[in-house]
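Observations on the model geometry
Below are the chains, spelled out letter by letter.
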Amino acid sequence: MAKQPLISMRPESKGLSYDRPAASQIFGFIRDAIISMELLPGQMISETALAQQFGVSRTPVREALIQLSNIGFVEVLPQRGTYVSKFSMEKILEARFIREALEVAVVIQLATNASEATRLEAVNACEKIIADQKAAAADNDALRFQNLDDDFHQTLASFTQYPRVASFIEAEKAHMDRVRNLSLHVSGQYKRILSQHAAIIKAIKTGSAEKSASAMSVHLKDVYNILEVIPQEHPEYFV
């Protein structure tokens, strides 16, 4: 009997390709499995099992796990193994605070300091992402919806013309990713996020710093509603 793979891969994927480093691809597969909660907080991850699944040596798997450790998704414990990191309420709240400070500044920049052409390009790009999110929501594809959510925020940041802003936001969001994914299974959450994204774009269009800041702040504070529920339903996920 064939051994059950440690993680599943999305239907459109045919496994590792030869045009990108194996470690980078394995990182993506494991990250998606962690975000989608296929790999649960506290679960042990076997380097050997992953190497066998992907048909590679343990070296690229180890490299991928180190990358995941660097963004807070796994813990590598000497002599004990590698485990999916549990949720840290402190880190989630800190990450939300940092993201709000950065992303409010992003939308203010786009609304008030960007050229009309830049603002229009950013708005058009984000409206396309929102349309794709609506399709993902219709398919109840939580992982795709969340990846598009990331694209939405990264796209806004990229139009500030400050390259490091997007990377700072990317670094901080890891602590919120899995909580956000769990939240998508709460009734009405797809609709709420889509409405919030639309409100952000509408505010940027007006050129109002106040409206843009308020719309982004409301969106990023939404995690508080989820944090009232998830620790009660899944206390085992938290440190």
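Before going into details, it helps to say that this report is about the structure given with it.

Calculation notes
Residues numbered from 1 in each chain as written. Predicted model: local features only at pLDDT ≥ 70, side-chain atom pairs only at ≥ 80, totals over all residues. Heavy atoms only, no water. Salt bridge = Lys/Arg side-chain N within 4 Å of Asp/Glu carboxyl O. Helix = DSSP H or I, 4+ residues; strand = E, 2+ residues; numbered from the N terminus. Buried < 20%, exposed > 50% of the residue type's maximum accessible area, 1.4 Å probe, protein only.

Bringing the pattern of salt bridges into the picture now. Two side chains of opposite charge can pair, provided their charged atoms sit close to one another. A full pass over the atoms with the stated rule returns 12 salt bridges. Measuring nitrogen to oxygen at the nearest pair gives 2.6 Å for the salt bridge that ties Glu100 to Arg96. You can see Glu100 and its partner Arg96 sitting in helix α4 (residues 89-113), 4 residues apart, about one turn around the helix. Comparing Glu100 with Arg96, the two get one shared label, buried. A salt bridge links Lys128 to Asp132; its shortest N-O distance comes to 2.8 Å. Of this pair, Lys128 and Asp132 both sit in helix α5 (residues 116-138), separated by 4 residues, roughly a single helical turn. The exposure class assigned to Lys128 is partly exposed, which follows from its relative accessible area of 49%. Here the salt bridges share partners, and the residues they tie into one network are Glu47, Arg58 and Arg62.

Bear in mind that shape data such as this cannot, by itself, settle questions of function.
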